[in-house]
2 protein chains.
Amino acid sequence: MISLPQAMQKLIREFSRLPSIGEKSATRLAYHLVNHDKQLALSLSDALRKAAESVKLCQRCFYLTEEDLCTICKNPSRDQSLICLVEKPADLMAIERVGEFRGLYHVLHGLWAPLRGQGPESMKLQELLERLKDGVIREVIIATGSTVEGDATALYVAKMLSDFGVQSTRLAQGMPKGGELEYADDVTLSRAFAGRNLINP
Amino acid sequence: MISLPQAMQKLIREFSRLPSIGEKSATRLAYHLVNHDKQLALSLSDALRKAAESVKLCQRCFYLTEEDLCTICKNPSRDQSLICLVEKPADLMAIERVGEFRGLYHVLHGLWAPLRGQGPESMKLQELLERLKDGVIREVIIATGSTVEGDATALYVAKMLSDFGVQSTRLAQGMPKGGELEYADDVTLSRAFAGRNLINP
């Protein structure tokens, strides 16, 4: 790196701090931008600043927005009695991509992960309870991932909601579409058996 | 994407324009920056602008620099009679990493690639000839890659330099360190045979 201009070294260092970008990729990106596409370097710079300065969390559901409320919370045609609980914004995006769920969301921004030192207070749970107080919500669909932490969080939240008198459901667990029995892991198979459904031909 | 804030969509689009970054990676990067590390978003934004605005090509060898001449051209302890010819800045970096070559460089910023419509005029060749005029340079080491275009460029440049009365050499081609014969490609093997050296035990 000795012979690289300071500004270039700095750019490579900053790129390397991004997740899943190592020093080699960072160097390649920096070269490309400085050597071939300074226009992109400038427009990316602007986009980064704009996003960092204007994107914040929705005051109600904690999804991303540039205003006080996100587009989903502001949409009167969504079912106001249903909340889907997700860990992070990307999960919400995945569900919206399917386009079938028409209720509201609540983004936890974390999971209950005692092994990583994250207790329930690291999630937006109190804020969820606040939303349930007026009695409009009749069901909370818990859509945390099918991982140890996702399951633990689901159990914890379900217990809390039941104390609060609100019904909660969990996404079905079982064989994924296209999944071959031969390659399915033990837990998936066991859950697929436990959750088996009657066939009505 | 419908429900993402505009600034976020814009950031994802800009990231996607980088080489080897698809829409999924771009989305993950944008989420990380906006959701977890706004400080990095801002410092990356600054580094991009700074690099795009201050990094330019060395007036003599066309490597990257923030001043008129790069650190290598300005270094009086480098051998001023030897020029290593490379395709692009990253190649120069690779050679500097080894640390054995102590001469100067000349970056072509291109190769002779008729199939891609790039003629000799797309390279910094006239600028190379200018550097040879005062007769100080006694050898040009042609270090373009061992590809079809790298070889063609090397031949073309060697012919031109010979007309000019300057000696040129080409990097040795053969088996790479650790290369197993079994997996070597035909061209590499053939060149390793053609360039075989006497062993003096």
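Residues numbered from 1 in each chain as written. Chains lettered and ligands numbered in written order. Predicted model: local features only at pLDDT ≥ 70, side-chain atom pairs only at ≥ 80, totals over all residues. Heavy atoms only, no water.

Caption draft 1: Spatial organisation of the interface of chain B and chain A. Contact residues are listed per partner, giving 54 residues for chain B and 55 residues for chain A. Carbon and sulfur atoms make up 69% of the surface buried where chain B meets chain A, a total of about 4,700 Å² over both sides. If you sort the residues of chain B by the area they bury against chain A, Ser3, Tyr31 and Leu48 of chain B come out on top, with a joint share of 13%. Counting every contact that joins chain B to chain A gives 2 salt bridges. Summed over the shared surface of chain B and chain A, the result is 15 residue pairs in polar contact (both at pLDDT 80 or more). Taken together, the elements giving at least two residues each to the side of chain B that touches chain A come down to α1 (6-16), α2 (23-36), α3 (38-54), β1 (56-57), β2 (64-65), α4 (71-74) and α5 (89-98) of chain B. Counting residues per element, the side of chain B that touches chain A draws most heavily on α3 of chain B, which supplies 16 residues. By residue class, the composition of the side of chain B that touches chain A is 30 nonpolar, 11 polar and 13 charged. (Contact = heavy atoms within 4.5 Å. Buried area = accessible area lost by both parts, 1.4 Å probe. Salt bridge = Lys/Arg side-chain N within 4 Å of Asp/Glu carboxyl O. Polar contact = N/O pair within 3.5 Å; in protein donor to acceptor, adjacent residues only side chain to side chain. Helix = DSSP H or I, 4+ residues; strand = E, 2+ residues; numbered from the N terminus. Nonpolar A, V, L, I, M, F, W, Y, C, P; charged D, E, K, R; others polar.)

Caption draft 2: Molecular detail of the relation of the copies chain B and chain A. With an axial shift of 0.1 Å and an RMSD of 0.1 Å, the rotation relating chain B to chain A amounts to 180°. Here the two chains are linked by the operation of a two-fold rotation axis. Every residue of chain B has its C-alpha some distance from the rotation axis, and the shortest such distance is that of Ser45 of chain B, at 2.0 Å. Of the interface residues in chain B, 100% have counterparts in chain A that sit at the interface too, so the contact is made through matching surfaces. (Least-squares fit on C-alpha atoms with pLDDT ≥ 70 in both.)

Caption draft 3: Quick peek at the confidence of the model for chain A. With 99% of its residues at a pLDDT of 70 or more, chain A shows a mean pLDDT of 90. The secondary structure element of chain A with the lowest average pLDDT is helix α8 (residues 186-194) of chain A, at 84, and the one with the highest is strand β4 (residues 103-107) of chain A, at 96. (pLDDT = per-residue confidence, 0-100.)

Caption draft 4: Quick peek at the sheet that holds strand β5 (residues 139-142) of chain A. Residue and element names in this part refer to chain A. One open sheet accounts for 4 strands, arranged β4-β3-β5-β6; its pairing is parallel. Looking at strand neighbours, the two that pair on one side only are β4 and β6 (167-170), the edges of this open sheet. Across the sheet, the axes of successive neighbouring strands diverge by a mean angle of 30°, strand direction being ignored. Inspection of the sheet shows strand β3 (residues 79-86) paired to β4 by 5 bridges, in the parallel sense. Its bridge partner being in β4, Cys84 is matched across the sheet by Tyr105. Relative to β4, helix α6 (residues 125-132) is tilted by about 150°, and along the sheet it contacts β3, β4 and β5. Set on the sheet, helix α7 (residues 148-163) makes contact with β3, β5 and β6; between it and β6 the angle comes to about 165°. (Pairing = 2+ DSSP bridges. Axes fitted to C-alpha atoms, helices over the stretch in contact; angles between N-to-C directions.)

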